[in-house]
Amino acid sequence: MKKLCAVFAAGILSLSVLTTAVAQTLPSPTIAARSWLLLDMNSNQVIASQDPDMRIEPASLTKIMTAYLTFAAIKDKKLAINQMVTVSEHAWKVDPESSKMFIEPRVPVSVNDLLYGLMVQSGNDAAVALAEAVAGTESAFVVLMNREAQRMGMKNTRFGNPHGLPDAENFSTAHDLSLLAAHIIVDYPEFYKIDSTKYFTYNSIKQPNRNRLLWSDPSVDGMKTGHTNASGYSMIASAKRPNGSGQRRLLSVLSGATSDQLRSQESQKLLNWGFQNFDAVKLYAKGQPLATLEVWKGAQSHIKVGFDRDVFVTLPKGMAEKLKPVLERNDPLVAPINQNAKIGTLKMMVDGKVVTQIPVLALEQVNQASIFGRAWDSLRLWIK
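Calculation criteria
Residues numbered from 1 in each chain as written. Predicted model: local features only at pLDDT ≥ 70, side-chain atom pairs only at ≥ 80, totals over all residues. Heavy atoms only, no water. Salt bridge = Lys/Arg side-chain N within 4 Å of Asp/Glu carboxyl O. Helix = DSSP H or I, 4+ residues; strand = E, 2+ residues; numbered from the N terminus. Buried < 20%, exposed > 50% of the residue type's maximum accessible area, 1.4 Å probe, protein only. Lys, Arg positive; Asp, Glu negative; His and termini not counted. Contact = heavy atoms within 4.5 Å. Axes fitted to C-alpha atoms, helices over the stretch in contact; angles between N-to-C directions. Left-handed = near helix turned anticlockwise from the far one by under 90°. Nonpolar A, V, L, I, M, F, W, Y, C, P; charged D, E, K, R; others polar. Phe/Tyr/Trp six-rings, centres within 6.5 Å; stacked < 30°, edge-to-face > 60°. Pairing = 2+ DSSP bridges. Core = buried A, V, L, I, M, F, W, Y, C linked by side-chain atoms within 4.5 Å.

Caption draft 1: Structural view of the pattern of salt bridges. Scanning the entire structure with this criterion turns up 14 salt bridges. A salt bridge links K317 to D279; its shortest N-O distance comes to 2.7 Å. Of this pair, K317 sits in the loop between β16 (311-316) and β17 (324-329) while D279 sits in strand β13 (residues 278-284); the two residues are 38 residues apart in sequence, bridging distant segments of the chain. Exposure remark for K317: the relative accessible area of 44% places this residue in the partly exposed category. Of the residues examined, D279 reaches a relative accessible area of 26% and is grouped as partly exposed. Salt-bridge contacts for R329 lead to D331; the nearest nitrogen and oxygen are separated by 3.2 Å. The class of D331 is partly exposed, set by a relative accessible area of 48%. Look at the salt bridges and you will find they share partners, linking R212, D260 and R263 into a network.

Caption draft 2: Focus on the side chain of D195. Within the secondary structure layout, D195 lies in the loop between α8 (189-192) and β8 (199-202). Although D195 is buried, it makes no salt bridge; K224 carries the closest opposite charge, 8.4 Å away. D195 has contacts with M119, N209, L214, D221, G222 and M223, leaving out every residue within four places of it along the chain.

Caption draft 3: The packing of helix α2 (residues 63-75) against helix α5 (residues 124-135), seen in detail. Two elements in contact, α2 and α5, have axes whose closest approach is 10 Å; the angle formed by their N-to-C orientations is 35°. Relative to α5, α2 is oriented so that their crossing is left-handed. Contacts between α2 and α5 involve K63, T66, T70 and A73 from the former and N124, A127, L130 and V134 from the latter. Looking at the contact of α2 with α5 residue by residue, the classes come out as 4 nonpolar, 3 polar and 1 charged.

Caption draft 4: A look at the packing of aromatic side chains. Taken as a whole, this structure holds 8 aromatic pairs when the rule is applied. Aromatic ring contacts, followed pair by pair, group Y68, F71, Y188 and F191 into a single cluster.

Caption draft 5: The arrangement of the pairing of strand β19 (residues 353-362) in detail. For strand β15 (residues 302-306) and β19, the ladder comprises 2 bridges, and the chain directions are antiparallel. Its bridge partner lying in β19, G306 is registered against L361. Bridge count for strand β18 (residues 342-350) against β19 is 8 bridges, and the pairing is antiparallel. Directly across from L346, in β19, lies its bridge partner I358. What sits between the antiparallel neighbours β18 and β19 is a turn of 2 residues, in which D351 has the positive phi angle 55°.

Caption draft 6: Examining the nonpolar core more closely. Ranked by internal contacts, the top residues of the largest apolar core, which has 62 residues, are M65, L114 and I236. Broken down by element, the residue count for this core peaks at 9 residues, all from α2. With sequence-adjacent residues up to four places away left out, I236 is seen in contact with L61, I64, L177, A181, G222, M223, K224, L251, S252 and V253. Membership of the second largest hydrophobic core comes to 23 residues, among which are L315, A335, V350 and A362.

Caption draft 7: Fine view of the pairing of strand β11 (residues 232-243). Counted residue by residue, β11 has 9 buried out of 12 residues, so it is predominantly covered. The pairing of strand β10 (residues 220-228) with β11 spans 8 bridges and is classified as antiparallel. Within β11, the position partnered with M223 by the bridge is A237. The antiparallel pairing of β10 with β11 creates a hairpin that spans 3 residues between the two strands. Between β11 and the antiparallel strand that follows it, strand β12 (residues 246-257), lie 2 residues; G244 among them carries a positive phi value of about 65°.

Remember, this is a structural readout, not a statement about activity or role.
Here it is as structure tokens:
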């Protein structure tokens, strides 16, 4: 069943909802794939999807989690980008009929080269080598993969290996993979650029990136393709195009296409449809006061509230002027109140329908008043 509404929630990414009533002013695109999803990363709204929670075999899209954990290890200084890794027999012997970087046993290779071999060449041998470098063994790395998936809110995902070769314990959904892909872009933009590399040469073997959109659409800068006989052809693609005075990023996830050419064609169709038919409207800037509200029993009588990020909403083109904000507050606001504590919810309405709901946060800290001030406000609240 196709639907043009979704809730997108994950760790660092805030809740956002695009209602069916608003979205269905546009017909959904017809996409030749079993499961797919289109996300606007500016607003964190899924603007179109078909069976996004269907269990799928992620194939080489699994490698995005392998890359994520490697990036984290580098950030935490457990690995260095130029560190040399000695290739094990286990990594070298990975399915010889599958995609490989062609590393060799006992020949040192840098973490940097392994990352390019993983994301550009889709090397299954690179995936195992990185897993061993990060966690010591492939099985220990898989434990880290599943722990991280839980942290991200990937509730319908389990990883069985670091490369995505067929395994009964390796499954996910388009929705969950969108969470993972978004985390890569947001958490590690300095490493995400690897995904836009068109060719990589290792061991005198030059291999192209399997993401065809890198050649056909200059706005596309990632992310990964996958294929197994059971899953068909899958792809996560991301593109960034001008949006007013800034940039807008869309992310598509597609699984179950019947050919390499078709997955590229349908991913391009999804991205173009999203950019051409929807606008991402900036509502508020990070730290911009939305309102100043009364506080009880506090060292100060009022508090400024707003958001800890720029706030966007995705709407069909031409609908922005119909937006109306409604602030729902957690009254009464009683001190102490910590900075970034949730104070209420901002509902953006169009024709009486809720388009999106955004948590409203305290922009400052309010400490408790003295015992006399608290007693006075207690009396005022009782009278009120």
